[in-house]
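So the chains spell out like this:
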Amino acid sequence: MPTLLDQTNELLFDQIKRIEGKAAIVDGGIFWQPPVGAESGLCRAQIACSLRDYTCHTKQGRALINNVGFRVNLANRLSFSPDVAFINRERSGNAGFIEGAPVFAVEVRSENDFAPRMESEIAQKRADYFQAGTLVVWDVDPFGEDVVKKYTAANPETPQIFRRGQIADAEPAVPGWQMRVDEIF
C-alpha cells in the first residue's frame, strides 16, 4: 500500500508532465526553470550532437537533450532534467521519466546563473547527481574563460578545467568520447 508521501510524489509527477518547458521536483515542490538565451541553447545542442555522433559510431548508450526527465529517489529531489545527458542503458520509466540518474549530465549556464546564491544551488545539484549515481557532471560556462568544469563522483569537489583550444572528455562515464571545447560554440 503506498504511503501518503508516495501518493504526494505521484501527484507531483502527474503535475510536472503537464508543465510547458523544463522543470524538476526538488524539496517537495516543482522547480520551474526559465528559458535560456541563444548562446546557452547552442552550447547544449552542440554537446548533444557530439554525443549523438559518438553513440552512432560506437553503438553505445543514448544521448539526450534538454527537458528529458530522470526519476530519482533522494531525500530532497525526485527528478532531474539536465541540459544534456548520456545514459548507457535502455530507457525505462514511469510516466515518461527515465528511472535513475544519467551516467553523464551536462548543465549549461545561462546569463542568470552567476549570482552567489546560484553557485550554492549548482553545487547542491551536482551533489544530488552524484548521490543518485551520476559519474560525471559538466558545468559549462559559455561566457567565461573556464568553459567546462568536469566534476567526477570520485572527486566531486575539485573540477578538471577545460578552456578554448583544449579537448574535454567525460571519462569514465562516456569511454573514449572527447569534444573540442571550441566546438561547443
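**Quick notes on the pairing of strand 10 (residues 136-140)**
Okay, step 1: Extensive coverage of strand 10 is indicated by the burial of 5 of its 5 residues.
Okay, step 2: In strand 10, alternate side chains face the same way, and those of Val136, Trp138 and Val140 on one face and Val137 and Asp139 on the other are all buried.
Okay, step 3: The pairing of strand 9 (residues 104-108) with strand 10 spans 5 bridges and is parallel. Of the residues in strand 10, the one forming a bridge with Ala105 is Val137.
Okay, step 4: Alignment of strand 10 against strand 11 (residues 148-152), held across 5 bridges, turns out to be antiparallel. For Val140, the partnering residue across the bridge sits in strand 11 and is Val148.

**Comments concerning the sheet that holds strand 11**
Okay, step 1: The sheet built from 6 strands is open, its strands ordered 3-6-9-10-11-12 with mixed pairing. Only two strands of the sheet have a single neighbouring strand rather than two, namely strand 3 (62-65) and strand 12 (155-162). Strand-to-strand, the axes of this sheet are offset by a mean angle of 20°, without reference to chain direction.
Okay, step 2: Lying over the sheet, helix 3 (residues 116-132) contacts strand 9, strand 10, strand 11 and strand 12, oriented at roughly 160° with respect to strand 10.

**Some words on the nonpolar core**
Okay, step 1: If you look at the biggest cluster of nonpolar residues, it comprises 26 residues, and the most contacted ones within it are Ile47, Phe104, Trp138, Val140, Val174, Trp177 and Ile184.
Okay, step 2: Residue assignment for this core shows that the elements contributing at least two residues are helix 2 (38-58), strand 6 (84-87), strand 9 and strand 10.
Okay, step 3: Per-element accounting of this core gives the leading share, 5 residues, to helix 2.
Okay, step 4: In terms of nonpolar packing, the next biggest core, distinct from the first, is built from 14 residues, Leu64, Phe70, Leu74 and Ala101 among them.

**Some thoughts on unusual backbone geometry**
Okay, step 1: Following Glu171, the chain continues into Pro172 via a peptide bond in cis, with omega recorded as 0°.
Okay, step 2: Checked against the element boundaries, Pro172 lands in the loop between strand 13 (167-169) and strand 14 (178-180).
Okay, step 3: Although it is not a glycine, Lys59 adopts a positive phi angle of roughly 60°.
Okay, step 4: Among the secondary structure elements, Lys59 is positioned in the loop between helix 2 and strand 3.
Okay, step 5: Assessed through its relative accessible area of 69%, Lys59 is described here as exposed.

**Re the environment of Phe86**
Okay, step 1: Assignment of secondary structure puts Phe86 in strand 6.
Okay, step 2: In this structure Phe86 comes out as buried when scored by relative accessible area, which is 2%.
Okay, step 3: Beyond its immediate chain neighbours, meaning those up to four positions away, Phe86 contacts Leu51, Tyr54, Thr55, Gln60, Gly61, Arg62, Ala63, Pro102, Val103, Phe104, Ala173 and Val174.

Rules used in this analysis
Residues numbered from 1 in each chain as written. Predicted model: local features only at pLDDT ≥ 70, side-chain atom pairs only at ≥ 80, totals over all residues. Heavy atoms only, no water. Buried < 20%, exposed > 50% of the residue type's maximum accessible area, 1.4 Å probe, protein only. Helix = DSSP H or I, 4+ residues; strand = E, 2+ residues; numbered from the N terminus. Pairing = 2+ DSSP bridges. Axes fitted to C-alpha atoms, helices over the stretch in contact; angles between N-to-C directions. Contact = heavy atoms within 4.5 Å. Core = buried A, V, L, I, M, F, W, Y, C linked by side-chain atoms within 4.5 Å.

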